Amino acid sequence: MYSESLLQLGKAPSEIREIFEYGNKRKAEIGAENVFDFSIGNPSVPAPKSVDNAIKDLVDNFDSVALHGYTSAQGDFKVRTTIADYINKKFGTKITAENLYMTCGAAASLTITLNAIMLPDEECIVFTPYFPEYGVFLERTGAKLVAVESEEKTFQIDIEKLERAITDKTKAVIINSPNNPSGVVYTKETIEKMCDLLRKKEQEYGHSIFIITDEPYRELVYDNTEVPYIINYYHNTFVCYSYSKALSLPGERIGYIVVSPEMDEEKDAYAAICGAGRALGYVCASSMYQRVIEKCVDETADISIYKTNRDLLYNSLTEMGYECVYPDGAFYLFVKAMCEDAHEFCEKAKEYELLLVPADSFGTPGYVRVSYCVQTKQIEDALPAFRKLAESYR
């Protein structure tokens, strides 16, 4: 009677969301201050004041019918021009409004892009650890997800393993940097090697291989770490962006897709994006929030708080004996479980009211993700619990 695959998907919700809901229940039972919830990547710092001011200004001074009415399917032209000009100024690109499609956040950007380019039985490469929803998005296209293990310890792309994974069916590669869940930022050297390899493989197989760069965490980097802008390194690039993290607007669902102006058959590529958005019902992203972005295009939330949290959590946990991946960006700490089974480790952590996410679904068994986009006091209060958890394995 119903789509069997979607029925099963609905009955098996995201593990992250399940832990988050468990946390809500536990907080109601013993008090929120007694539960140390590190499960979900929900920004803990407020949006910049400029966002609030932009909303007030639009409501007070913008024509109400236009503010809440439809824009063009791909987004308001003036908004897209403003964003394109900002990207060009920041990264030295030559993007125009005709390369940019406004979306309902990064999930919509990825879903649209994958539906625009992937055909049944083609392959899309991802690098471990990877965001689990990539598999969900890909399944609806009929294409196959191919997971390539990253380098041990550094979690940079393993170029040799990537080369072995590429076949004549390879259509796309998804990269996520800064990475969810590891916080790793791919270096310029890594990006250059990957792009050189993909160009070689395009010539070998005689067809385009696309890079889809998923970058909602682009602005969340620390210690002057550089995040290479992939369009400047590779011609067949789609940029999938969201303002959820940079502006602390996850619930507003606003982002965009950039189609590289150097892409093979670039006009057809953009038309395919528009067609996929139409077919999926992802047209006309929030009219008001498009205009908010236009006014706040160069703003970010106060990410210094995340750096404070990172330093506190990383330094404290490594001192306790935890093995952690040093995160240059995002707001996650990737921690090796103190037993072979990460699920078992997370269940043990619950005994100390610590809510952590096992990384099996991210393609990296034996690790857990700790989201440090929380109040700094929560980390301070949770440190004794982390210490007790570590001591329970000694």
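In what follows, the structure referred to is the one given above.
All values reported here derive from a predicted model rather than from experimental measurement.

What counts as what
Throughout this document, residue positions are counted from 1 along each chain, in the order its sequence is written. Since the coordinates come from a predicted model, pLDDT governs what is reported: local features require at least 70, and pairs of side-chain atoms require 80 or more to be given and counted, while whole-chain, interface and lining totals use all residues. Hydrogens and water molecules were not included; the side-chain quantities draw on all heavy atoms of the structure. Numbering of helices and strands runs from the N terminus; a helix is a DSSP stretch of H or I covering at least four residues, while a strand is a stretch of E covering at least two. Throughout, radius of gyration means the C-alpha value; the globule benchmark is 2.2 Å times the number of residues raised to the power 0.38. The criterion used for residue contact is that any of the two residues' heavy atoms lie within 4.5 Å. Surface exposure here means Shrake-Rupley accessible area, sampled with a 1.4 Å probe, where a residue is shielded only by the protein chains that are shown. Residues enter patches when their relative accessible area tops 30% and they take part in no salt bridge; the joining distance is 9 Å for like charges and 5 Å for the nonpolar side chains Val, Leu, Ile, Met, Phe, Trp and Tyr. For salt bridges, the criterion is a side-chain nitrogen of Lys or Arg within 4 Å of an Asp or Glu carboxyl oxygen. Charged-residue counts in this description rest on Lys and Arg as positive and Asp and Glu as negative, His and the chain ends being excluded. To locate a charge, take atom NZ for lysine, CZ for arginine, CG for aspartate or CD for glutamate. Burial classes follow relative accessibility: with a 1.4 Å probe on protein chains only, a residue under 20% of its type's maximum area counts as buried, one over 50% as exposed, and anything between as partly exposed. Lines fitted to C-alpha atoms define the axes, with helix axes restricted to the stretch in contact, and inter-axis angles between N-to-C directions lie between 0 and 180 degrees. Put simply, a crossing is left-handed when the front helix is turned counterclockwise from the back one by less than a right angle, and right-handed when it is turned clockwise. Classes in brief: Ala, Val, Leu, Ile, Met, Phe, Trp, Tyr, Cys and Pro nonpolar; Asp, Glu, Lys and Arg charged; the others, Gly included, polar. Each pair of strands is called paired provided DSSP finds at least two bridges between the two strands. Put plainly, a pocket is an open set of points on a 1 Å grid over the protein atoms alone with protein on both sides within 12 Å along at least five of seven lines, a cavity is a set where a 1.4 Å probe fits but cannot get out, and a lining residue has an atom within 4 Å of a point. Grid points are joined across faces, edges and corners, and a volume is the space filled by probe spheres set on the points. As used in this record, nonpolar core signifies buried Ala, Val, Leu, Ile, Met, Phe, Trp, Tyr and Cys residues forming a set joined through side-chain atoms within 4.5 Å.

Visitor: Hey, could you run me through the overall build of the protein chain in this one?
Guide: Along the protein chain, the regular secondary structure elements total 14 helices and 13 strands. Taking 21 Å as the expected radius of gyration for a compact globule of 394 residues, we find that the protein chain reaches 21 Å, a close match to that expectation. Along the longest, intermediate and shortest principal axes, the C-alpha atoms of the protein chain span 60 × 60 × 55 Å. For the protein chain, the proportion of contacts with a sequence separation of at least 24, taken over those separated by at least 6, is 74%. Entry remark: accessible area of the protein chain is about 17,300 Å², with carbon and sulfur atoms responsible for 49%.

Visitor: Quick question: what am I supposed to make of a negative patch on the surface here?
Guide: A cluster of acidic residues, Glu340, Asp341, Glu344 and Asp360, forms a negative patch at the surface. With respect to the helices and strands, Glu344 occurs in helix H13 (residues 342–350).

Visitor: It is not clear to me how a nonpolar patch on the surface should be interpreted in this structure. Could you clarify?
Guide: On the surface, Met1, Tyr2 and Leu7 cluster together into a nonpolar patch covering about 420 Å² of accessible area. Within the secondary structure layout, Tyr2 lies in the segment before helix H1 (4–11). Judged by relative accessible area, Tyr2 falls into the exposed class, the value being 58%.

Visitor: Can you help me understand the pattern of salt bridges in this one?
Guide: Pairing of side chains with opposite charge becomes possible as their charged atoms draw close. The full count for this structure, using the stated rule, is 23 salt bridges. Of the charged contacts in the structure, one is a salt bridge between Lys153 and Glu323, with a shortest N-O distance of 2.9 Å. Here the residue Lys153 occupies a position in the loop between strand S4 (144–148) and helix H8 (159–165), and Glu323 occupies one in the loop between helix H12 (304–320) and strand S9 (324–325), the gap between them amounting to 170 residues. Given a relative accessible area of 51%, Lys153 falls into the exposed group. We note a salt bridge from Asp223 to Lys307, for which the minimum N-O separation is 3.7 Å. Note that Asp223 is positioned in the loop between strand S6 (210–214) and strand S7 (237–242) and Lys307 in helix H12, a separation of 84 residues in sequence. Classification of Asp223 as partly exposed rests on a relative accessible area of 42%. Lys307 sits in the partly exposed class, given a relative accessible area of 29%. Within this structure, Asp223, Lys307, Arg310 and Asp311 form a network of salt bridges that share partners.

Visitor: Which parts of the structure should I look at to understand the packing of helix H5 (residues 77–91) against helix H11 (residues 287–295)?
Guide: For any two helices packed against each other, one specifies the crossing angle of their axes together with the interaxial distance. Closest axis-to-axis distance for the H5/H11 pair is 9 Å, and the angle between their directions is 35°. Once H5 is placed against H11, the crossing between them reads as left-handed. Together, Lys78, Val79, Thr82 and Ile83 of H5 and Gln290, Arg291, Ile293 and Glu294 of H11 make up the contact between the two elements. A per-class count over the contact of H5 with H11 returns 3 nonpolar, 2 polar and 3 charged.

Visitor: Explanation requested: the sheet that holds strand S3 (residues 123–127) in the structure shown.
Guide: Strands in a sheet are paired, the pairing made by backbone hydrogen bonds, and the direction either parallel or antiparallel. Taken in spatial order, the 7 strands make up an open sheet running S2-S8-S7-S6-S5-S3-S4, and their pairing is mixed. Each edge of the open sheet carries a strand with a single partner, namely strand S2 (100–103) and S4. The average angle at which neighbouring strand axes cross in this sheet is 20°, direction not considered. Relative to strand S8 (residues 255–259), S7 runs antiparallel, the two sharing 5 bridges. Looking at S8, one finds that Cys240 is bridged to Ile257. Packing against the sheet, helix H6 (residues 105–117) makes contact with S2, S3, strand S5 (170–175), S6, S7 and S8, and its axis sits at approximately 155° to S7.

Visitor: What is the right way to read empty space enclosed by the protein from this model?
Guide: Gaps left between atoms are located by rolling a probe of water-molecule size over the structure's atoms. Throughout the structure, instances matching the rule amount to 2 cavities of 30 Å³ or more. The calculated volume of the largest cavity comes to roughly 40 Å³. Lining the largest cavity are Val126, Phe127, Pro129, Tyr130, Tyr134, Ile174, Ile175, Asn176, Asn179 and Tyr186. Counting residues per element, the ones that place at least two in the lining of the largest cavity are S3 and S5. Partitioned by chemical class, the residues of the lining of the largest cavity number 8 nonpolar, 2 polar and no charged. Taken as a whole, the second largest cavity encloses approximately 30 Å³ of empty space. Along the walls of the second largest cavity sit Ile175, Ser177, Ile191, Thr213, Glu215, Arg218, Val227, Pro228 and Ile230, which together make up its complete lining. Here the residues of the lining of the second largest cavity are counted per class, giving 5 nonpolar, 2 polar and 2 charged.

Visitor: Honestly, the nonpolar core in this entry has me stumped. Any pointers?
Guide: Soluble, globular proteins show a tendency: their nonpolar side chains are buried together. By size, the foremost hydrophobic cluster in this structure holds 40 residues, and its most contacted members are Phe38, Tyr322 and Phe386. When contributions to this core are tallied by element, the ones reaching two or more residues are H12, strand S10 (332–336), H13, strand S13 (367–371) and helix H14 (376–391). Sort the elements by how many residues they give to this core and H14 lands first, with 7 residues. Once residues within four sequence positions are removed from consideration, Phe38 is found in contact with Leu354, Leu355, Leu356, Arg369, Val370, Ser371, Val374, Gln378, Ile379, Ala382 and Phe386. Counting 34 residues, the second largest nonpolar core, distinct from the first, contains Val146, Val184, Leu197 and Leu198.

Keep in mind that these numbers describe shape and distance, not what the molecule does.
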